[in-house]
Amino acid sequence: MAGDTTATVIDIAAAGMPGHMVNGPGDPADWDAINWRAQESQVRRLRQRIFKAAQAGDLKQVRNLQRLMLRSRANTLVSVRLVSQRNTGHRTPGVDGQVALTRARASLAEQLHRHGGPGKALPVRRVYIPKKGGERPLGIPSIADRAQQARVRNALEPEWEARLDPRQYGFRPGRGCHDAIEAIYNAVRLKRANRVWILDADLKAAFDRIDHNFLLEAIGTFPAREQIREWLKAGVVDRGPVRSDRRGNSTRRSYHAPNTVGNFCFEVTLGYRRLERGR
């Protein structure tokens, strides 16, 4: 079964992929022999360089480093490991019915690294999980798209971490609800506090209704901009044929981790609107 899974993943990943050049050796890796600490260190250092260049306002250097990240073998290996081993949903298949287990991980990493991506984005498979008062829809992309999303996020996220409002806490590395709670407490605890109220609001179907054109404008000349456009327009398989309308294309929690391209781009959209207004 592992052999069948490997072959199918490779066929899907290889379909229509451009021949981009990438850095590092392209031969299949001995997955169990990889020094993961060294690979993660390389990705972390490159993320830091993107962050510092963005802080300095050097957009040309930011774009050059982002291209380097998208060609990085370490980024490819770390991303495939994230979606195929470390995330809780790594055994959940997308619309193609495939997962990358055992030998398929190294093969998938090789294909993504050699060709710069999985080719044409596949629709996401919609599943429903129970929640209070009903169900919550989740979109599950193919395993190749999930790995590519992780690769793209490592290039996109550091730039926007340097630009976003420090008071934004959603879907950001090293931040969470407890940081937001602490910020609220510090704002209202003083006797002479200017703000003595808290607004708790839920944006209905916010991920389903992101303005795609505004989002693409916000990320500007980001090297993987067209890849993100494909994901936004890929459509949804929801208990039937592919549905390519706008609702549901910006899929929440697309590879079972809080920091997805979809989630992060939602935060970018909010942050970009604040930047435009000078807030």
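These notes cover the structure that comes with them. (Residues numbered from 1 in each chain as written. Predicted model: local features only at pLDDT ≥ 70, side-chain atom pairs only at ≥ 80, totals over all residues. Heavy atoms only, no water.)

Some details on the pattern of salt bridges
- According to the stated counting rule, one finds 9 salt bridges in the structure shown.
- Measuring nitrogen to oxygen at the nearest pair gives 3.0 Å for the salt bridge that ties Glu110 to Arg114. Taken together, the positions of Glu110 and Arg114, both in helix α5 (residues 103-115) and 4 residues apart, correspond to about one turn of that helix.
- Residue classification places Glu110 among the buried residues on the basis of a relative accessible area of 17%.
- Residues Glu226 and Arg229 are paired through a salt bridge, measuring 3.0 Å at the closest nitrogen-oxygen approach. Of this pair, Glu226 and Arg229 both sit in helix α9 (residues 225-233), 3 residues apart, which is roughly one turn of that helix.
- For Glu226, a relative accessible area of 44% puts it in the partly exposed group.
- One salt-bridge network, held together by shared partners, links Glu40, Arg81 and Arg86. (Salt bridge = Lys/Arg side-chain N within 4 Å of Asp/Glu carboxyl O. Helix = DSSP H or I, 4+ residues; strand = E, 2+ residues; numbered from the N terminus. Buried < 20%, exposed > 50% of the residue type's maximum accessible area, 1.4 Å probe, protein only.)

Description of the pairing of strand β1 (residues 124-131)
- Relative to strand β3 (residues 236-237), β1 runs parallel, the two being bridged by 2 bridges. The partner of Arg125 across the bridge, within β3, is Val237.
- Relative to strand β2 (residues 134-140), β1 is paired through 7 bridges, and the arrangement is antiparallel. Note on β2: the bridge partner recorded for Arg125 is Ile140.
- Connecting β1 to the next strand, β2, in antiparallel fashion are 2 residues, including Gly133 with a positive phi near 85 degrees. (Pairing = 2+ DSSP bridges.)

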